[in-house]
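Residues per chain are reported as follows:
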Amino acid sequence: FLETAKKNALNDLASEISVKVEGNSLLYTLDRKNSFDESFTSTINTKTSEQIEGFEMVDSWDNGTEYWTYYRLNKAEHARIKAEKKRQAIAQATDLYARSQASVAAGDLKSAIDQDLRALLAIKAYWGENDEVLIGERSVPLANEIYNDLQRLTSGVRLTALPERCALEYSNHFKRELLVTARSVNGATTRDLAQLPLVMSYPGINGKVTATSNTDGEGQARTTVQGIDLGAAGPELLVRVDMDGLVSKDLDPTFVKPLVSSLTVPELRVPIDLKLPKVFISASEKNLGEPLTEAGAALTFRQELTTKGFRFVEKESEAELIMSVTATTREGGTSNGFFTAFLDLSVSCKDRSTQDVVYSGGKQGVKGVQLAYDKAGLEAYKKAVQDIRQEVVPALMNAIL
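The structure presented is a predicted model; accordingly, all values stated were derived computationally and were not measured. (Residues numbered from 1 in each chain as written. Predicted model: local features only at pLDDT ≥ 70, side-chain atom pairs only at ≥ 80, totals over all residues. Heavy atoms only, no water.)

## What to know about the overall build of the protein chain
As a reminder of what qualifies: In this description a helix means any DSSP run of H or I spanning at least four residues, a strand means any run of E spanning at least two, and both kinds are numbered starting from the N terminus. Based on C-alpha atoms, the radius of gyration is set beside the globule rule, defined as 2.2 Å times the residue count to the power 0.38. Accessibility here uses a 1.4 Å probe with only protein chains present; expressed as a share of the type maximum, an area under 20% marks a residue as buried, one over 50% as exposed, and anything in between as partly exposed. Two residues qualify as a contact provided that any one of their heavy atoms is within 4.5 Å of a heavy atom in the partner residue. Throughout, the Shrake-Rupley method with a 1.4 Å probe supplies accessible areas, and for residues the shown protein chains are the sole cover considered.
Helices and strands together make up the secondary structure of the protein chain, namely 10 helices and 19 strands. The C-alpha radius of gyration of the protein chain comes to 36 Å, more than 25% above the 21 Å expected for a compact globule of 401 residues. Projected onto its principal axes, the C-alpha positions of the protein chain cover 115 × 65 × 30 Å. Scored against the burial criterion, the 401 residues of the protein chain give a buried share of 40%. When contacts within the protein chain are restricted to residue pairs at least 6 apart in sequence, long-range pairs at least 24 apart make up 66% of them. Counting only carbon and sulfur atoms, one obtains 47% of the accessible surface of the protein chain, whose full area is about 21700 Å².

What follows is the structure, encoded as structure tokens:
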């Protein structure tokens, strides 16, 4: 009850001191931005509300059931204390801002952003007030100036990649290294950005592939694209500045996270051009020793691989891969008037230029049952279609890609 009485008294004192959000203040600016949610604005208002200092306890009284306390505040003393604290905070923020500018000149974006954020936090109690200072020969609202500098720092980052398009093809084994360069552009001045944290991602066979890296002393970072998802529409490598990586862990996330999330996130999108190999296919398919006259396994391979992006050619000399398909059926016996046949399928792929075998596999003993041996053999070919699509083709592609 003692603390409750004190709290009530100080609340009454605080209500006697007007708090007005200045139109040129950072709080006013942030409150008008849609990117700042209600909870963040509420937190700012709570943290920047009037802090009562310089009060004194005059007297107290109680009768066993009630407790009264009387506090007094000298408004002039309160204003003096507050003005001195504000002066010290602004001096600290101004110094941090100057350090940020020095970091910019050195190409150290991470330190520059860190110093700007620390400068803003140093004066967060005054975000709603007038904080005009002289920066060089300009009179500017300090918090707004620092926040605008943060926006300039991130929006001035330029990311480039060599090569500009990521070509994945059989000749490079569907694996390509890219060199990403980060620079800061400010008017005619361009600086390499060292130790800049980056996040790079692209669609992989087993889901999104994500890698993190920091640029070196020349503002460069390397990444390798491989194992791309063939089904991805318009695949690309996305390179983004890791904004979380730019923020020191000791800074208050209540204020820092919404501030950082409102900034422009520099990014680069590198198109991935997937060019699957040219294939020449030869087939030897028989049904019980006789050449197959109907559609067989080779046609299924051709159709399925074509949908994946493989290109089939009619001349072996034009191909990168030579595919050989051998399929034959054999009698498996009869039972209750039904005839059984089994299909043995083998497929191999080799590199035309090196003659190295890239893939070798197949399916043995695919069963077909019908009213005659020849029809049972054709039935086995039909059943093999699903095995080719679901097992053999994926294994072949994994070997090639």
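Following the structure, the description resumes.
## Remarks on the nonpolar core
So the rule is basically this: For the purposes of this section, nonpolar cores are sets of buried Ala, Val, Leu, Ile, Met, Phe, Trp, Tyr and Cys residues that join through side-chain atoms within 4.5 Å.
Counting 88 residues, the largest nonpolar core has Leu-120, Ile-123, Leu-196, Leu-198, Phe-301, Met-323 and Val-325 as the members making the most contacts within it. Element by element, the count of residues in this core is highest for helix H10 (residues 373-400), at nine residues. When sequence neighbours within four positions are dropped, the list of residues in contact with Leu-120 reads Leu-26, Trp-127, Ala-143, Ile-146, Tyr-147, Leu-150 and Leu-259. If you look at the next biggest cluster of nonpolar residues, it comprises five residues, including Ala-9, Leu-10, Leu-13 and Tyr-71.

## Here's the deal with unusual backbone geometry
The omega angle of the peptide bond from Leu-162 to Pro-163 is -5 degrees, so this bond is cis rather than trans. Along the chain, the position of Pro-163 falls in the loop between strand S5 (157-162) and strand S6 (166-169). Of note in the backbone geometry, Phe-174 takes a positive phi value of approximately 55 degrees without being a glycine. Here Phe-174 is to be found in the loop between S6 and strand S7 (175-186).

## Considerations on the pattern of salt bridges
In plain terms, the rule: When a carboxyl oxygen of Asp or Glu lies within 4 Å of a side-chain nitrogen of Lys or Arg, that pair is called a salt bridge.
In this structure the tally under the stated criterion is 22 salt bridges. One salt bridge in this structure joins Glu-304 and Arg-389, with 3.6 Å as the shortest N-O distance. Remark: Arg-389 occurs in helix H10 and Glu-304 occurs in helix H9 (residues 297-308); sequence separation between them is 85 residues. Assessed through its relative accessible area of 16%, Glu-304 is described here as buried.

## Details of the side chain of Thr-223
Tracing the sequence through the fold places Thr-223 in strand S11 (residues 220-226). Classification of Thr-223 as buried rests on a relative accessible area of 10%.

## Some points on the packing of aromatic side chains
Just so we agree on the cut-off: Within 6.5 Å between ring centres, the rings of Phe, Tyr and Trp (the latter by its six-membered ring) count as paired, and their orientation is classed by plane angle as stacked under 30 degrees, edge-to-face over 60, tilted in between.
Counted according to the given criterion, the structure contains four aromatic pairs. Ring plane angle 70 degrees and centroid distance 5.7 Å describe the contact between Phe-55 and Tyr-71, whose orientation is recorded as edge-to-face. With a gap of 16 residues between them, Phe-55 in strand S1 (residues 55-62) and Tyr-71 in strand S2 (residues 67-73) connect regions that are remote in the sequence. Note on Tyr-71: relative accessible area 13%, which makes it buried. Arranged with centres 5.8 Å apart and planes meeting at 85 degrees, the rings of Trp-127 and Phe-255 form a pair that is edge-to-face. Note that Trp-127 is positioned in the loop between helix H5 (109-122) and strand S3 (132-135) and Phe-255 in helix H8 (residues 253-261), a separation of 128 residues in sequence. Phe-255 carries the same exposure label as Trp-127, and that label is buried.

## Considerations on the packing of H9 against H10
What counts, and what does not: Every axis in this analysis is a line fitted to C-alpha atoms, fitted for helices over the stretch in contact. Angles between the N-to-C directions lie between 0 and 180 degrees. Angles are sorted into four bins: roughly parallel if under 35 degrees, roughly antiparallel if over 145, roughly perpendicular if 65 to 115, and oblique for all others. The hand of a helix crossing depends on one turn: near helix anticlockwise from the far one by less than a right angle means left-handed, and clockwise means right-handed.
Where H9 meets H10, the axes come as close as 10 Å, and the angle between the chain directions of the two elements is 45 degrees. With respect to their mutual orientation, H9 and H10 come out oblique. H9 and H10 meet at a crossing whose hand is right-handed. On the side of H9, the interface is formed by Ala-297, Thr-300, Phe-301, Glu-304, Leu-305 and Lys-308, while H10 contributes Tyr-381, Val-385, Ile-388, Arg-389, Val-392, Val-393, Leu-396 and Met-397.

## Structural notes on a nonpolar patch on the surface
Rules: Distance thresholds for patches are 9 Å for like charges and 5 Å for nonpolar side chains (Val, Leu, Ile, Met, Phe, Trp, Tyr), applied to residues having over 30% relative accessible area and no salt bridge.
Taken together, the side chains of Phe-338, Val-369 and Leu-371 make up a nonpolar region of the molecular surface, amounting to roughly 270 Å² of accessible area. By the element assignment, Val-369 lies in strand S19 (residues 357-370). Under the relative-accessibility criterion, Val-369 is labelled partly exposed at 32%.

## What about H9?
The condition is simple: A helix's residues, less one, multiplied by 1.5 Å, set its expected span. It is the directions from the helix axis to the C-beta atoms that the arc portrays.
Across its 12 residues, H9 extends 17 Å between first and last C-alpha, which sits within 8% of the 16 Å expected from 1.5 Å per residue. The complete set of buried residues in H9 reads Ala-297, Ala-298, Thr-300, Phe-301, Glu-304 and Leu-305. End-on view of H9: buried residues confined to an arc of 155 degrees, all on one side of the axis. Positive backbone phi, approximately 115 degrees, marks Gly-309, located one or two places after H9.

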